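Listed below, chain by chain, are the residues.
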Amino acid sequence: GVVVPESNCDVLIVGAGPAGMMMAAWMARCGINARIIDKRGTKIFNGQADGLQCRSLEIFDSFGFADRAWKESNHMLEMCMWNPGLDGVIRRSDRLPDTIPGISRFTQIVLHQGRIERFFLDHLKKYSKIEVERGVLPESLEIDTSKVEDNFAYPITVKLRHLTDEEATPEQSKASKVEDGLFRSNLAADDTDDLIRKSRGKEGTAEIVRAKYMVGCDGAHSWTRRQLGFEMEGEATDYIWGVLDIIPITDFPDIRMRCAIHSAESGSMMVIPRENKLVRLYIQLTEITPDATGRADRSKITPETILKAAQKIISPYKISYEYCDWWTAYQIGQRVGTQFDAHTRVFLAGDAVHTHSPKAGQGMNVSMQDAYNLGWKIGLVVKGIVQRSVLKTYQSERRRVAQDLIEFDHRFSRLFSGRPAKDVMDESGVSMAEFKEAFVKGNMFASGLSVDYGASMLVAKQGSSAEQGDGTDVSTAHNSLTGKQVVGKQELSTNIKLGMRMPSFKVLNQSDARPWHLQELLKSDSRFRIILFAGNVTSATQKTRIKNFCVKLDAQGSFLRRFTPASCPIDSVIEILTLHSAKRCDVEILRDFPELLHPFDKQVGWDYNKIYVDDESYHEGDNHAYENYGVDKERGCVVVLRPDQYVGYIGDFEDVEDLETYFDGVLVKATKS
Ligand code: FAD
């Protein structure tokens, strides 16, 4: 018979959509031996998901490619609401800022998924040898449960199939000449089992991979999820959405604004202005309903039927097109997976564990952010830097976000899809005031910035694992040897919230006076960070406090030394960044700061990129960072950020023992090398 080749890899990623690509990006940055496979023969070229939240852009920036998305995308500044007046004719009732002003240095933008996948592919090329292997899919999965707690074992065995080009490229719908997304849509039956069956028995198409970890980013039909036997919980009703990407010819005045249009009797629609003169229309297709098997007849859906529905909603205004870029229809239920991992060895991320409607543009964002939460954890566990138990926080942190998302979507769906109320007596109608209020409230959620992770070994705050709401056992921050617990002092930095992402304000580099947004310094390079708010470093008392802090961290056997491999620079596991509040011109780096805060290297001298000041800049004003962060300008504080920029711990200079306890609960003591 044929010899089936066998090999090992540390992390196997199944699916190269937004979630899989984000996972691969972390693997590249952590330097992990990873593989990423996708059953499809090509990447996406146009269409599909498009909205990018502020938080997704912040994450892209931490990898170094937000600028590409920012330049190419359409920026969304205003949201307009259109509802029927007393005469039943639609009119603009409200204008709102699309992104809540001041919450991020980015606003929401739209750019199609194909471009976003391109940025990730380029990133992988720059930082690693990882390439997406297309036309490859898994055929079987086994987990050796006797080995799951062994850090050096490869407990996962997966048999992979390599498809021919033909098999990996399914035919497009014949209903129209324009490229459509129907074949990727869940209105098409999933073809995974078919593909496996057809290629079975062909010579030279199989291989066996043994992996330490596996992540199923294989979308709503997730094969990985099915192998694990995990269920999705949630709403039984499935909405069907039509999507049309066109260059519109119209007299509708707000066609370059994001709009929610509620017609009196013909349903509702979202207008999303996009790059290259395109506009996307999202329309709930109320006339097409799923049959007894739960699937809708997709042959009834064409660009023409979607356009007709749009024309009715937008009347008396006219809309048509000469150019259609892409179109699709898809069916969505609102569901969350009951379990996000098996034995903290095989994980699910993205649509594989949650599905919901496209209205708030969350799909791609939440999916990428799942992988952003998980990637560094797996990467650092494989490298032996963080403890394996950290992987439990993936489910406790992300399942809650998925549940919040479904709840939000549920509320918003009802308000979006309902017929507008004629007056206060019209009880079956939806109040447009309520819709507006829900939108305004939902906008914070939709920015991705309201995510607030609960207490765990990674987040030293008050609260128990019971509050995670799903019974996951994630112990609070504690020393794994002594069991001592630690709770950070939230009152020391009132606007840097334990469990939330680090907000950003402008600060100046002490050495060259250049302004930076603080977040720009927080690269996704898998390091933890201590932000030392050094306070007024010209005061003698404060100088002593800083010195004492640094002496403790620099001492032989200190946690910083214990957790950094002896052969590596002192900032390779935990980087210390300093932000002081004295006048820039009254301070000298070499005179006023201990060496630990600007380490010396024999080859390249002092590090000038570690010390920053909250002071006025020459060209960009004064951002008052201390005030905005809610930190005392005289005394400062110590803030710990996880590699994903979420706040893990806050304390005083004198609380080094707590700081040590925090890291004791997370990191693995480096073996002498
Ligand atoms: P996906 O993007 O679905 O990626 C999964 C990947 O896994 C695919 O590349 C697939 O080929 C691969 N795969 C699947 N099974 C296997 C297997 N067995 N083996 C190997 N590979 C496999 N969201 C929005 O926010 N706005 C939109 O306009 C929008 N439009 C959409 C249109 C369509 C047609 C679809 C299907 C979804 C749309 N969504 C939209 C949802 C959004 O695309 C998803 O939420 C997002 O892509 C989820 O990312 P993901 O990586 O989890 O999954």
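Cut-offs used in this document
- Residues numbered from 1 in each chain as written.
- Predicted model: local features only at pLDDT ≥ 70, side-chain atom pairs only at ≥ 80, totals over all residues.
- Heavy atoms only, no water.
- Helix = DSSP H or I, 4+ residues; strand = E, 2+ residues; numbered from the N terminus.
- Rg over C-alpha atoms; globule rule 2.2 N^0.38 Å.
- Buried < 20%, exposed > 50% of the residue type's maximum accessible area, 1.4 Å probe, protein only.
- Contact = heavy atoms within 4.5 Å.
- Areas by Shrake-Rupley, 256 points an atom, 1.4 Å probe, with all protein chains shown as cover.
- Lys, Arg positive; Asp, Glu negative; His and termini not counted.
- Charge placed at Lys NZ, Arg CZ, Asp CG, Glu CD.
- Domains from an automatic or database assignment.
- Buried area = accessible area lost by both parts, 1.4 Å probe.
- Salt bridge = Lys/Arg side-chain N within 4 Å of Asp/Glu carboxyl O.
- Polar contact = N/O pair within 3.5 Å; in protein donor to acceptor, adjacent residues only side chain to side chain.
- Nonpolar A, V, L, I, M, F, W, Y, C, P; charged D, E, K, R; others polar.
- Near = heavy atom within 4 Å.
- Phe/Tyr/Trp six-rings, centres within 6.5 Å; stacked < 30°, edge-to-face > 60°.
- Expected span 1.5 Å × (residues − 1).
- Pairing = 2+ DSSP bridges.
- Axes fitted to C-alpha atoms, helices over the stretch in contact; angles between N-to-C directions.
- Bend = angle between axes of the 7 residues up to and from the residue.
- Parallel < 35°, antiparallel > 145°, perpendicular 65-115°, else oblique.
- Left-handed = near helix turned anticlockwise from the far one by under 90°.

Asks: How do you make sense of the overall build of the chain when you look at a structure like this?
Replies: Helices and strands together make up the secondary structure of the chain, namely 16 helices and 30 strands. Against the compact-globule benchmark of 26 Å for 673 residues, the chain has a radius of gyration of 26 Å, which places it among compact chains. Split into buried and exposed, the 673 residues of the chain put 60% on the buried side. Considering only contacts in the chain between residues 6 or more positions apart, those separated by 24 or more positions represent 75%. In the form shown here, the chain has an accessible surface area of approximately 27600 Å², with 50% of it arising from carbon and sulfur atoms. For the chain, the distance from the average position of its 85 positive side-chain charges to the average position of its 94 negative side-chain charges is 2 Å.

Asks: Would you take a moment to explain the domain arrangement of the chain for this structure?
Replies: Often the size quoted for an interface is simply the accessible area lost on bringing the parts together. Split into domains, the chain comes out as domain 1 (6–73 + 108–233 + 334–419) and domain 2 (465–664). Summarising the inter-unit geometry, the C-alpha centres of domain 1 and domain 2 are found 33 Å apart. Opposite the 23 residues of domain 1 that make contact, domain 2 presents 23 residues. Summing the contributions of domain 1 and of domain 2, the shared interface buries around 1900 Å²; its carbon and sulfur component is 47%. Ionic pairing is found between Arg501 and Glu58, a salt bridge with its closest N-O pair at 2.6 Å. At the junction of domain 1 with domain 2, the criterion picks out 11 residue pairs in polar contact (both at pLDDT 80 or more). Of all the secondary structure elements, the ones that give two or more residues to the side of domain 1 that touches domain 2 are helix 1 (18–30), helix 2 (54–63), helix 9 (363–382) and helix 10 (392–417). Here the element with the most residues in the side of domain 1 that touches domain 2 is helix 10; it accounts for 7 residues. Partitioned by chemical class, the residues of the side of domain 1 that touches domain 2 number 8 nonpolar, 6 polar and 9 charged.

Asks: Mind showing me how you'd approach the site of the ligand here?
Replies: In the neighbourhood of the ligand, 34 residues make up the surrounding shell, with Ala19, Asp38, Arg280, Tyr282 and Asp351 lying closest. Contact distances for the ligand include 3.2 Å between an oxygen atom and a backbone N or O atom of Pro18. At 2.5 Å from an oxygen atom of the ligand is found a side-chain nitrogen or oxygen belonging to Arg280. Compared with its free state, where it exposes 980 Å², the ligand has 91% of that area covered by protein. When residues of the shell around the ligand are traced back to their parent elements, those giving at least two are helix 1, strand 9 (136–143), strand 16 (279–284), strand 17 (319–332) and helix 9. Partitioned by chemical class, the residues of the shell around the ligand number 13 nonpolar, 13 polar and 8 charged.

Asks: Sorry if this is basic, but what is going on with unusual backbone geometry here?
Replies: Peptide bonds are, in most cases, trans, and in most cases residues other than glycine have a negative phi. Cis geometry marks the peptide bond from Ser315 to Pro316; its omega dihedral reads 10°. Residue position: Pro316 is located in the loop between helix 8 (303–314) and strand 17. Positive phi, close to 50°, is recorded for Asn276, a residue that is not glycine. Tracing the backbone through its elements, the reader meets Asn276 in the loop between strand 15 (268–273) and strand 16. You can call Asn276 exposed: its relative accessible area is 65%. In this structure, Thr344 takes a positive phi of about 40° despite not being glycine. Taking the relative accessible area as the measure of exposure, Thr344 reaches 9% and is therefore buried.

Asks: Just to check I follow, could you spell out the packing of aromatic side chains for this structure?
Replies: Two aromatic rings, taken as a pair, are described by how far apart their centres are and by the angle between their planes. Evaluation of the coordinates by the stated rule reveals 27 aromatic pairs. Seen in terms of ring centroids, Trp26 and Tyr372 are 5.2 Å apart; in terms of plane orientation they differ by 25°. Their pairing is stacked. In this pair, Trp26 is assigned in helix 1 and Tyr372 in helix 9, connecting sequence segments 346 residues apart. Under the relative-accessibility criterion, Trp26 is labelled buried at 0%. Ring plane angle 45° and centroid distance 6.2 Å describe the contact between Phe65 and Phe119, whose orientation is recorded as tilted. Here Phe119 lies in helix 4 (residues 113–127) and Phe65 lies in the loop between helix 2 and helix 3 (66–72), a separation of 54 residues in the sequence.

Asks: Explain helix 4 here, please?
Replies: Since there are 3.6 residues in each turn of an α-helix, residues three or four apart along the chain are aligned in direction. Helix length check: helix 4, at 15 residues, gives a terminal C-alpha distance of 21 Å against a target of 21 Å (1.5 Å per residue), a fit within 8%. Each element contacted by the buried residues of helix 4 is listed here: helix 1, strand 3 (51–52), helix 2, helix 3, strand 8 (132–134) and helix 9.

Asks: Any chance you could explain the sheet that holds strand 23 (residues 515–517) here in plain terms?
Replies: Through backbone hydrogen bonds, the strands of a sheet pair up, either in parallel or in antiparallel fashion. Taken together, the 7 strands give an open sheet; going across it, the order is 23-22-28-25-24-29-30, and neighbouring strands pair in mixed fashion. Because the sheet does not close on itself, it has two edges, and the strands there are strand 23 and strand 30 (647–651). Taken over all neighbouring pairs, the strand axes of this sheet differ in orientation by 30° on average, direction set aside. Two elements, strand 22 (residues 506–509) and strand 28 (residues 611–613), share 2 bridges in a ladder whose sense is antiparallel. Looking at the pairing, Leu508 lines up with Val613 of strand 28.

Asks: I would appreciate a short explanation of helix 9 in the present structure.
Replies: For helix 9, spanning 20 residues, the distance from its first C-alpha to its last is 29 Å, which sits close to the expected 28 Å at 1.5 Å a residue. By the largest-angle criterion, Leu374 marks the main kink of helix 9, which is about 25°. Taking burial as the measure, the 20 residues of helix 9 include 19 buried ones, the bulk of the element. Where helix 9 ends, the next residue or the one after it, Gly384, has phi of about 75°, a positive value.

Asks: Help me out: how do you make sense of the pattern of salt bridges in this one?
Replies: Side chains that carry opposite charge are capable of pairing whenever their charged atoms lie near each other. Inspection of every chain in the model, using the stated rule, returns 47 salt bridges. Close ionic contact of Arg529 with Glu575 constitutes a salt bridge, the shortest N to O distance being 2.6 Å. Within this pair, whereas Arg529 is found in strand 24 (residues 528–535), its partner Glu575 is found in strand 25 (residues 574–580), the two being separated by 46 residues in sequence. The class for Arg529 is buried, based on a relative accessible area of 3%. Residue Arg545 is joined to Asp652 by a salt bridge in which the shortest nitrogen-to-oxygen separation is 3.5 Å. Of the two residues, Arg545 sits in helix 12 (residues 540–554) while Asp652 sits in the loop between strand 30 and helix 16 (656–664), which places them 107 residues apart along the sequence.

Asks: Explain the packing of helix 1 against helix 9 here, please?
Replies: When two helices pack together, their arrangement is given by the angle between the helix axes and by the axis-to-axis distance. Two elements in contact, helix 1 and helix 9, have axes whose closest approach is 8 Å; the angle formed by their N-to-C orientations is 30°. Looking at the two axes, helix 1 sits roughly parallel to helix 9. Crossing hand, helix 1 versus helix 9: right-handed. Residues Pro18, Ala19, Met22, Met23, Trp26, Met27 and Cys30 of helix 1 pack against Met364, Ser367, Met368, Ala371, Tyr372, Leu374, Gly375, Trp376, Ile378 and Gly379 of helix 9.

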